[in-house]
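Residue strings, one per chain:
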Amino acid sequence: MECEWKPDEQGLQQILQLLKESQSPDTSTQRSVQQRLEQLNQYPDFNNYLIFVLTKLKSEDEPTRSLSGLILKNNVKAHYQNFPNGVSDFIKSECLQNIGDSSPLIRATVGILITTIASKGELQNWPELLPKLCQLLDSEDYNTCEGAFGALQKICEDSAEILDSDMLDRPLNIMIPKFLQFFKHNSPKIRSHAIACVNQFIISRTQALMLHIDPFIENLFALATDEEPEVRKNVCRALVMLLEVRLDRLLPHMHNIIEYMLQRTQDQDENVALEACEFWLTLAEQPVCKEVLCGHLSQLTPVLVNGMKYSEIDIILLKGDIEEDEAIPDNEQDIRPRFHRSRTVAQQHEGDGIEDDEDEDDELDDDDDTISDWNLRKCSAAALDVLANVFRDDLLLHILPLLKELLFHPEWVVKESGILVLGAIAEGCMQGMIPYLPELIPHLVQCLSDKKALVRSITCWTLSRYAHWVVSQPPDTYLKPLMTELLKRILDSNKRVQEAACSAFATLEEEACTELVPYLAFILDTLVFAFSKYQHKNLLILYDAIGTLADSVGHHLNKPEYIQMLMPPLIQKWNQLKDEDKDLFPLLECLSSVATALQSGFLPYCEPVYQRCVNLVQKTLAQAMLHQSQPDQYEAPDKDFMIVALDLLSGLAEGLGNTIEQLVARSNILTLMYQCMQDKMPEVRQSSFALLGDLTKACFQHVKPCIADFMPILGTNLNPELISVCNNATWAIGEISIQMGPEMQPYIAMVLHQLVEIINRPNTPKTLLENTAITIGRLGYVCPQEVAPMLQQFIRPWCTSLRNIRDNEEKDSAFRGICTMISVNPGGVVQDFIFFCDAVASWVNPKDDLRDMFCKILHGFKNQVGEENWSRFSDQFPMPLKERLATFYGV
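Cut-offs and rules
Residues numbered from 1 in each chain as written. Predicted model: local features only at pLDDT ≥ 70, side-chain atom pairs only at ≥ 80, totals over all residues. Heavy atoms only, no water. Helix = DSSP H or I, 4+ residues; strand = E, 2+ residues; numbered from the N terminus. Buried < 20%, exposed > 50% of the residue type's maximum accessible area, 1.4 Å probe, protein only. Contact = heavy atoms within 4.5 Å. Areas by Shrake-Rupley, 256 points an atom, 1.4 Å probe, with all protein chains shown as cover. Expected span 1.5 Å × (residues − 1). Salt bridge = Lys/Arg side-chain N within 4 Å of Asp/Glu carboxyl O. Disulfide = S-S within 2.5 Å. Phe/Tyr/Trp six-rings, centres within 6.5 Å; stacked < 30°, edge-to-face > 60°. Lys NZ or Arg CZ within 6 Å of the ring centre and 35° of its normal. Patch = residues over 30% accessible without salt bridge, like charges linked within 9 Å, V, L, I, M, F, W, Y side chains within 5 Å. Lys, Arg positive; Asp, Glu negative; His and termini not counted. Charge placed at Lys NZ, Arg CZ, Asp CG, Glu CD. Core = buried A, V, L, I, M, F, W, Y, C linked by side-chain atoms within 4.5 Å.

Participant: Just checking my understanding: could you explain the overall build of the chain for this structure?
Facilitator: A tally of regular secondary structure across the chain gives 50 helices and zero strands. Taking the principal axes of its C-alpha atoms as reference, the chain extends roughly 100 × 70 × 65 Å. Out of the 891 residues in the chain, the part that is buried amounts to 56%. Nonlocal contacts in the chain, meaning residues at least 24 apart in sequence, comprise 75% of its contacts between residues at least 6 apart. When the accessible surface of the chain is split by element, carbon and sulfur atoms take 51% of a total near 39,400 Å².

Participant: How should helix α21 (residues 376-391) be read in this particular structure?
Facilitator: An α-helical turn contains 3.6 residues, so a residue and the one three or four places further along point in the same direction. With 16 residues, α21 ought to run about 22 Å at 1.5 Å a step, and its terminal C-alpha atoms sit 22 Å apart, in line with that. Burial analysis of α21 places 13 of its 16 residues in the buried class, the great majority of the element. Of the residues flanking the end of α21, it is R392, one or two places downstream, whose phi is positive at about 50°.

Participant: Explain the environment of Q701 here, please?
Facilitator: Positionally, Q701 belongs in helix α39 (residues 700-703). For Q701, a relative accessible area of 45% puts it in the partly exposed group. Spatially, the C-alpha atoms of Q701 and Q739 are 9.5 Å apart, while their sequence positions differ by 38 residues.

Participant: Could you clarify how one ought to interpret the pattern of salt bridges in this entry?
Facilitator: A side chain of one charge can pair with a side chain of the opposite charge when the charged atoms of the two come close. In the structure shown here, the tally under the stated rule is 44 salt bridges. Of the charged contacts, one joins D138 and K178 as a salt bridge, the two residues approaching to 2.6 Å between their closest N and O atoms. Here D138, found in the loop between α7 (129-137) and α8 (142-158), pairs with K178, found in helix α10 (residues 172-181); they are 40 residues apart in sequence, far enough to count as distant. Overall, the relative accessible area of 45% leaves D138 in the partly exposed class. According to the relative accessible area criterion, K178 is buried, its value standing at 15%. Close ionic contact of D679 with K639 constitutes a salt bridge, the shortest N to O distance being 2.9 Å. Here the residue D679 occupies a position in the loop between α37 (669-676) and α38 (682-698), and K639 occupies one in the loop between α34 (603-629) and α35 (640-656), the gap between them amounting to 40 residues. Each of the salt bridges in this network shares a partner with another, and the network as a whole consists of D214, R246, D248 and R249.

Participant: Would you mind going over the state of the cysteines with me for this structure?
Facilitator: Between two cysteines, a covalent bond joining their sulfur atoms is known as a disulfide. What the rule picks out here adds up to zero disulfides. With no disulfide of its own, C95 has C134 as its nearest cysteine by sulfur position, at a separation of 17 Å. For C95, a relative accessible area of 0% translates into the label buried. Unpaired in this structure, C277 has its nearest cysteine sulfur neighbour in C379, at a distance of 3.7 Å.

Participant: Explain the packing of aromatic side chains here, please?
Facilitator: Aromatic ring pairs are defined here through the distance separating the ring centres and the angle between the ring planes. Here the structure, examined in full by the defined rule, presents 23 aromatic pairs. An angle of 85° between the planes, with centres 5.5 Å apart, marks the rings of F815 and W843 as edge-to-face. Here F815, found in helix α46 (residues 809-824), pairs with W843, found in the loop between α47 (833-841) and α48 (848-865); they are 28 residues apart in sequence, far enough to count as distant. Aromatic ring contacts, followed pair by pair, group W798, F815, W843, F854, F888 and Y889 into a single cluster. Residue placement shows R377 over the ring face of Y310; its charged tip is 3.7 Å from the ring centre. Above the plane of the ring of W843 lies K811, whose end atom (NZ or CZ) is 5.0 Å from the centre.

Participant: Just to check I follow, could you spell out the side chain of N47 for this structure?
Facilitator: With respect to the helices and strands, N47 occurs in helix α3 (residues 46-55). By relative accessible area, which is 4% here, N47 ends up buried. When sequence neighbours within four positions are dropped, the list of residues in contact with N47 reads N41, L72, N75, F83, V87 and I91.

Participant: Hey, could you run me through a negative patch on the surface in this one?
Facilitator: Where like charges cluster on the molecular surface, the negative patch consists of E510, E511, D544 and D551. Secondary structure elements with two or more residues in the negative patch: α29 (495-512) and α31 (536-553). On the secondary structure map, D544 appears in helix α31.

Participant: Would you mind going over the nonpolar core with me for this structure?
Facilitator: Nonpolar side chains tend to gather and get buried jointly when the protein is soluble and globular. In this structure, W280 and F602 are the most contacted members of the largest nonpolar core, which totals 315 residues. By residue number, the principal contributor to this core is α35, which donates eleven residues. Those residues in contact with W280 that sit more than four places away from it in its chain are I258, M261, L262, T265, L293, L300, L304, A383 and L387.

Participant: I keep staring at the environment of L486 and nothing clicks. Help me out?
Facilitator: Mapped onto the secondary structure, L486 falls in helix α28 (residues 479-490). Exposure remark for L486: the relative accessible area of 3% places this residue in the buried category. C-alpha of L486 to C-alpha of L463: the two residues are 23 residues apart in sequence and 9.5 Å apart in space. Not counting residues up to four positions away in its chain, the partners in contact with L486 are L448, C460, A501, A504, F505 and L508.

Structural data, given as structure tokens:
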């Protein structure tokens, strides 16, 4: 029998002293405590003292004992593999003996300690743990049962995957039926633990649970109206997850479940209501939604609408009573990290601007970021949004009568929720809303000057959801008054309103594009004035509004008086920011848009901007190399600095064209790009390929000497799994081939097979297909002998992917390539000739010599097959195609 470990009295006092000090609010005291704790970790039995204080030293106060356990938990996390055997065994046995401590705080601390040890891969090395905890569940003593269940719940949360693997002899086959027995326990806390444990295994469709799915669902129904909120919350959470993974089992009861969830969404306890409200979001994604829910819409709609009001606690947290806060600096913790969207090269389409595949969802959380991120209001609004997309205008029958009452309500909280409802249904119910908009939009524009800041801010968002319609009407009717009021809101004295107005204005800019040109001076006046007024967080959104403006109006921005207004404040910020400051990201993105729009107008500012971007790339690469060689001494760099800098260089190259040539000549940018193109981070490669294409267009004389090094790298990046990398590499190859001409010949073999494979892949995104087709066409244009033999393998998808894009230079060179290849290998197109005819007809006005090429091929084919065969062939054409070909090409 080994003798029990005993603490040394003096050592114990020293540790208690430390524990007391660490509860001091003073940061310097805390720092010295941290250092001393680290030093004590060198003594093997330090952790014995910590567990001793937690479990044995009942004379101490509970917060101190619990803290001792939490410090031990951190040591387990960091150093468990170095604990001597005696120490870890002592800790384990103490934990199991004290899981039933009479204090809830100590029980919970022991539970956390157990699950931390278990998650260090110790479930295998602690075989008695699970059987022991399960056995303790049957204890007559409430504290023991509750403590064991608390620990089991944490283990189920942290180690769900291991519990369901062969490593442990499948304990869940015993545990899950055991948990189900406790659904009927007389203690609410224990019932709640039991459901929470089982809930961990729903989403992964764990076999042991699937075998007992029916008793599980019956037990849930039995607890549906439990008096304990925590139990009701877990029941709702279980039903929401079952909806995703075992809809088949819920369908027979669906009517009752929906009735139940309607009740729970109105639960007095907001946490229960929030869990229940998730049900509608999840149901909307299921194909059966329409069928099972249509009979309940009249009940559900008012419940969701009612949930969209701010609660009293929201208003307090949002400081809704403080109307003017523009002079109060931001709390740095509130500023969210932003994500930079790297450059992707895309084609222009008929009848629209740039086709944007990943339409950024202007999700419903634009209105109140800062509070407890997800709450009943947001969840109700999101549910209404998705249901509007399922039911479309059928939802309006139930919404419109409610809306009339809300929008003109004297209480601001109610009116505010009505405006949120109107924004939430905008996408799904747009068609049905159109008749009401001529009356509603002016009312909303009036609400922009409401005396409550929270009403003004939500109105900005809702109006932005109807921007598309506003822009489709004559500008003086709605666009001009809306823009005038929104610009005033950008200068609001409330920061939340400033933010909402800036975001809404950016959406309006995207919709209105050049419609804004007449008002540019007025718009710039406001945006520049906001520069001097804004605190930190909103400045970042202001950059975005300026960048979007530049994207929307393009070269119309290039007027000396506009440049004079806009550039000084941007450059002043640029000079203030250090190279390590993340605020550079939005500023660089903004400047990239501005440079592309201003073109030659950006020249005076070009050199310092160019230099700094090259430096940022160089610094980041150097830091990455240091980190790679000595990871202990140097931390990894934030590569976003390099990505954003590469993108701004692309913007400069695109905007300035050949005038960038001297800057490139005097810098080592091509050497740096050679490294970036081989970076392991896909976004870095993506941006460097975009820059390669832009520099190829702007100053090929500097790129040409590197082509032999660059082409093999481009070839290895034609992997369609990484769509954007592949897309930009493909586009760059096309631009290079146009510049190289026949000298492209040695490189064709490196890339052609991959490109043909990509164009034939099912489910390839449209942008990638179009760029692939253009590049294949361009390769064929400069090296027809090499590419034409493969014509038959790509002609059909080539024609279908290019018929929808606008006439432009890229399309022109690609079609010249296809015509040249057809003249080299006419047999390659015979089987798919109808597709070629259709693609030719998609041209609105080709250049004369290209039109002649088309004519020659069409007539050549017609003469080849003879009059009779041709008319049989052309009878398959749809009428518009037949007419176009007859009119333009006389066939």
